[in-house]
Amino acid sequence: MKKQLRQAIKAALQECYDQGTLNSGVLPEEIQLEIPKNPDHGDFACNLAMTMAKVERKAPRKIAEALVAALQGNPLCEQIEIAGPGFINFRLAASCWYGVLDQVMQAGADFGCSRVGEGIRVQVEFVSANPTGPLHIGHGRGAVVGDAVAAVLQAAGFDVQREYYVNDAGNQVSILGRSILLRLRELQGEAIDFPEDGYQANYVRELAAKFRAEQGDLTDVPETAAIEHCTRFGVAEILEWISEDLRAFGISFDRWYSEKSLYDLKLVDKELAKLKERGLSFEHEGALWLKTTDFGDDKDRVLIKSDGSMTYFASDVAYHMEKFERGFDRVIDVWGADHHGYIPRMKAMLAGLGHPPEDLEVLLIQMVNLLRDGQPFVMGKRSGNFITLREVINEVGRDACRFFFLMRRCDSQLDFDLELAKQQNSDNPVYYVQYAHARVCSINRKATEEGIVQPVLGEVDHSKLKLVEELALAKQLARYEEMVVGAALNYEPHRVVFYLQELAAQFHSYYNRQRVLVDDPATTQARLYLVNCIRIVLANALQLLGVSAPEQM
RNA sequence: GCGCCAGUAGCUCAGUUGGAUAGAGCAACGGACUUCUAAUCCGUAGGCCGAGGGUUCGAAUCCUUCCUGGCGCGCCA
């Protein structure tokens, strides 16, 4: 719809030049059309006359007059007005808007999908929590946002892969291994002195007990090998928990990428060699550094420590180089906001290798403040005082939980009060939206009871839809695809949430004011058609968020 | 000290990438169930968009200086 109008304006502009009513000959790159807040200003407003005032050296209103003269008689438009400082306001014919109903019916579950991202390969890496303990609430937010970002990108036609990076190498997991081993010794009756930096939580004891039951006591095994055994066991077990938790949340990954495999396959060495070859790394005081300051970082960064061990950064560099070698055009990382200091060095690394830094997009997910009855929960993996994501999902439900996490822009902090989220049962916006869907289903059930046949595509008399709220609903549906594209290009799934709330509100209002099943069969058919289009769009949008669309509530 | 994010109604937040009179939801107040589901709807009230300065036809939005809150600034992961 917007495209057609834009095309018409472009043609009108050309006509003005041909006829000499406008002279600059400048063709703007993009003609901006926006949906005005105030419905009195029409369906679309165009600011072209104002932006052209400078090059054209004419008053905006004069330019607008010339354009409007050229646009007269266009069948798309019912009314064209010049308003305010020089806006051109378009009101489209109702028949244009009701055309989208047929598009919704025809496309069904695919309505809203587009091809703007066609042929572009995108990887979304998210969660990627260390496999040293169960997921907590902060991971949950990143998980849902990452999943929804991937979903809107897919809907916009991008070729998307979801990946989880498993930090199964390095210090943290070997601390886990040592912690398990110590608990194992404890089970064997040894008095142990549990270190400060060990994992104190109870699940480590459970892992030790399970290890003992399955693999025995490790009595004659040398310490380093024993720790390694425990590490592998612990990582595998915990990854199992994590993937179960994510499944419960409706999230699955195309690939789980092991950090350890980077080392096993010598990929880290290989990528570091490439950096050296390009003169991007240098030795200093026995360590190997990456010269990130040449590309906007404020310090150079260590890749190999003077004791010969690799930093985390080294494997991250190798991992991201490898991502691009796999052929992704764009790589999206979803991180906790506390890692934001890491972005400049990653972008610097890419720039050094000749990639435009924009190819890597880092989404920072701000903290979740977990509360219960207004009291803050102090979280810490090692202290053992935390609520797992699983417990939260069990307590407040998957739909409410996902919806809640997606309601805000990810770069603002989120207070999550468990009692509030549960208590909100009737006030929670997720039910409001789901209820709208269930209500349409209920109308359909009633229609079937009364022997009314569902309307068929192409056999509906749109002219029976005469009310302003019906037209407004059709316009809202027409906006859906563009909203999804915007959410995808900006990585902002919360737009889908706000759209859903608007559409549901419009529907509820309509429902309360008008009956769908009325005496006149043609009107009944037209209204059934309209509300079922609404149902389809509600379901499609909820699907993007990973929230269910119940038929009955 | 330097950097990142945020600051909009009493509370929680949107704000179409610079557009016209700044919007929702809670909370408050007043109404609507003999109807396809009241988990709903209708109405009232609520504002110095953190503060100052700048950019222009036009600023909550862009630039700048402050203020407040959160988070970072290791040869930790």
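Quick caveat: nothing in here was measured; it's all calculated off a predicted structure. (Residues numbered from 1 in each chain as written. Chains lettered and ligands numbered in written order. Predicted model: local features only at pLDDT ≥ 70, side-chain atom pairs only at ≥ 80, totals over all residues. Heavy atoms only, no water.)

Moving on, we come to the overall build of chain A. Along its length, chain A carries 21 helices and 15 strands. Each of the three principal axes of chain A carries a C-alpha extent, and together these read 90 × 65 × 40 Å. Of the contacts formed within chain A by residues at least 6 apart in sequence, a portion of 73% connects residues at least 24 apart. With an accessible surface of roughly 25,700 Å², chain A has 48% of that area assigned to carbon and sulfur atoms. Here chain A contributes 60 positive and 78 negative side-chain charges, whose respective centroids are spaced 3 Å apart. (Helix = DSSP H or I, 4+ residues; strand = E, 2+ residues; numbered from the N terminus. Contact = heavy atoms within 4.5 Å. Areas by Shrake-Rupley, 256 points an atom, 1.4 Å probe, with all protein chains shown as cover. Lys, Arg positive; Asp, Glu negative; His and termini not counted. Charge placed at Lys NZ, Arg CZ, Asp CG, Glu CD.)

Take the nonpolar core next. Phe-90, Leu-153 and Phe-416 are the most contacted members of the largest nonpolar core, which has 148 residues in total. For this core, the element with the most residues is helix α21 (residues 521–545), which contributes 14 residues. Setting aside residues no more than four positions away along its own chain, Leu-153 makes contact with Val-122, Val-124, Phe-158, Val-160, Ile-332, Ala-488 and Tyr-491. Residues Val-268, Leu-290, Leu-303 and Trp-335 belong to the second largest nonpolar core, which totals 29 residues. (Core = buried A, V, L, I, M, F, W, Y, C linked by side-chain atoms within 4.5 Å. Buried < 20%, exposed > 50% of the residue type's maximum accessible area, 1.4 Å probe, protein only.)

What follows deals with the sheet that holds strand β11 (residues 330–336). In any sheet, the strands associate via hydrogen bonds between backbone groups, in a parallel or an antiparallel arrangement. Read from one edge of the open sheet, five strands run β7-β6-β5-β11-β12, paired in parallel fashion. The open sheet has two free edges, formed respectively by β7 (255–258) and β12 (360–365), since each of these has just one partner strand. Taking the axes of each pair of neighbouring strands and ignoring which way they run, one obtains an average angle of 25° across the sheet. Pairing of strand β6 (residues 159–166) with β7, which is carried by four bridges, proceeds in the parallel orientation. By the bridge assignment, Tyr-165 is partnered in β7 with Tyr-257. Strand contacts of helix α6 (residues 137–155): β5 (121–125), β6, β11 and β12, with the helix running at about 160° to β6, the strand carrying the most contacts. Against the sheet, helix α9 (residues 223–248) engages β6 and β7, with an angle of about 150° to β7. (Pairing = 2+ DSSP bridges. Axes fitted to C-alpha atoms, helices over the stretch in contact; angles between N-to-C directions.)

With that settled, the discussion passes to the packing of helix α5 (residues 94–107) against helix α18 (residues 468–478). Angle between the axes and distance between the axes: these two values describe a pair of packed helices. As a packed pair, α5 and α18 sit with axes 8 Å apart at the nearest point and diverge in direction by 60°. Taken as axis vectors, α5 and α18 run oblique relative to one another. In the packing of α5 onto α18, the handedness of the crossing is left-handed. Residues Ala-94, Trp-97, Tyr-98, Val-100 and Leu-101 of α5 touch α18, and the partners they reach there are Glu-470, Leu-471, Ala-474, Lys-475, Leu-477 and Ala-478. For the contact of α5 with α18, the residue count by class is nine nonpolar, no polar and two charged. (Parallel < 35°, antiparallel > 145°, perpendicular 65-115°, else oblique. Left-handed = near helix turned anticlockwise from the far one by under 90°. Nonpolar A, V, L, I, M, F, W, Y, C, P; charged D, E, K, R; others polar.)

Those residues of α18 not exposed but buried are Glu-469, Glu-470, Leu-473, Ala-474, Gln-476 and Leu-477. Mapping the buried residues of α18 onto a view down its axis gives an arc of 160°, with all of them on the same face. Those residues of α18 that are buried lie in contact with α5, α19 (480–489), α20 (494–513) and α21. (Arc of directions from axis to C-beta.)

Here the focus is the pattern of salt bridges. Enumeration according to the criterion identifies 31 salt bridges in this entry. Residue Glu-163 pairs with Arg-326 through a salt bridge whose shortest N-O separation is 2.8 Å. Here Glu-163 is found in strand β6, whereas its partner Arg-326 is found in the loop between α12 (312–325) and β11, with 163 residues between them in sequence. Given the relative accessible area of 0%, Glu-163 is considered buried. (Salt bridge = Lys/Arg side-chain N within 4 Å of Asp/Glu carboxyl O.)

Where strand β2 (residues 44–46) meets strand β4 (residues 87–92), three bridges bridge the pair, whose relative direction is antiparallel. The residue bridging Cys-46 from the neighbouring strand is Ile-88, located in β4. Of the strand pairs in this sheet, strand β3 (residues 77–83) and β4 are connected by six bridges, and their pairing is antiparallel. For Ala-83, the partnering residue across the bridge sits in β4 and is Phe-87.

Let us now look at the protein's contact with RNA strand B. In the vicinity of RNA strand B lie 62 residues, with Arg-408, Tyr-435, Ser-442, Asn-490 and Gln-514 positioned nearest. Considering RNA strand B, the proportion of its atoms within 4 Å of the protein that are sugar or phosphate atoms stands at 63%. One of the side-chain nitrogen or oxygen atoms of Lys-299 is found 3.3 Å away from a sugar or linking oxygen of RNA strand B. Here a phosphate oxygen of RNA strand B and a side-chain polar atom of Tyr-432 are 2.4 Å apart. The set of elements that each furnish at least two residues to the surface near RNA strand B consists of β4, α7 (171–187), β9 (287–290), α17 (429–449) and α20. When residues of the surface near RNA strand B are assigned to their parent elements, the largest contribution, nine residues, is made by α17. (Near = heavy atom within 4 Å. Polar contact = N/O pair within 3.5 Å; in protein donor to acceptor, adjacent residues only side chain to side chain.)

Okay, empty space enclosed by the protein next. Inspection of the entire model under this criterion finds one cavity of 30 Å³ or more. Considering every element that reaches the lining of the largest cavity, the biggest residue donor is helix α13 (residues 343–352), with three residues. Residue classes in the lining of the largest cavity are distributed as six nonpolar, two polar and one charged. (1 Å grid on protein atoms, 1.4 Å probe; cavity = no way out; pocket = protein on both sides within 12 Å on 5 of 7 lines; lining within 4 Å. Points joined across faces, edges and corners; volume = space filled by probe spheres on them.)

What follows is about the side chain of His-494. For His-494, the location among the structural elements is in helix α20. Judged by relative accessible area, His-494 falls into the buried class, the value being 13%. If sequence neighbours within four positions are ignored, His-494 has contacts with Leu-406, Met-407, Arg-408 and Arg-409.

Below, the discussion takes up the domain arrangement of chain A. Domain annotation of chain A identifies domain 1 (2–92), domain 2 (97–116 + 428–545), domain 3 (121–166 + 253–365) and domain 4 (171–248). For domain 1 and domain 4, the distance between their C-alpha centres works out to 70 Å. (Domains from an automatic or database assignment.)

Structurally, Phe-282 is set in strand β8 (residues 281–284). When the C-alpha positions of Phe-282 and Val-302 are compared, they lie 9.6 Å apart, and in sequence the two are 20 residues distant. Excluding residues within four positions of it along the chain, Phe-282 makes contact with Ala-287, Leu-288, Trp-289, Leu-290, Lys-291 and Asp-300.

This part is about the sheet that holds strand β1 (residues 33–34). Taken in spatial order, the four strands make up an open sheet running β1-β2-β4-β3, and their pairing is antiparallel. Looking at strand neighbours, the two that pair on one side only are β1 and β3, the edges of this open sheet. Sitting on the sheet, helix α4 (residues 60–71) is in contact with β3 and β4, with an inclination near 170° to β3.

To continue, consider the packing of aromatic side chains. Going through the model one piece at a time under the given rule, you end up with 17 aromatic pairs. Seen from their ring centres, Tyr-164 and Trp-256 are 4.5 Å apart, and the 25° between their planes marks the pair as stacked. Of the two residues, Tyr-164 is situated in strand β6 and Trp-256 in strand β7; the sequence distance between them amounts to 92 residues. When its relative accessible area of 0% is taken as the criterion, Tyr-164 is described as buried. Since its relative accessible area comes to 34%, Trp-256 is described here as partly exposed. One aromatic cluster in this structure is built from Phe-126, Tyr-164, Phe-253 and Trp-256. Over the ring of Phe-328 we find Arg-121, and its NZ or CZ is 4.7 Å from the ring centre. (Phe/Tyr/Trp six-rings, centres within 6.5 Å; stacked < 30°, edge-to-face > 60°. Lys NZ or Arg CZ within 6 Å of the ring centre and 35° of its normal.)

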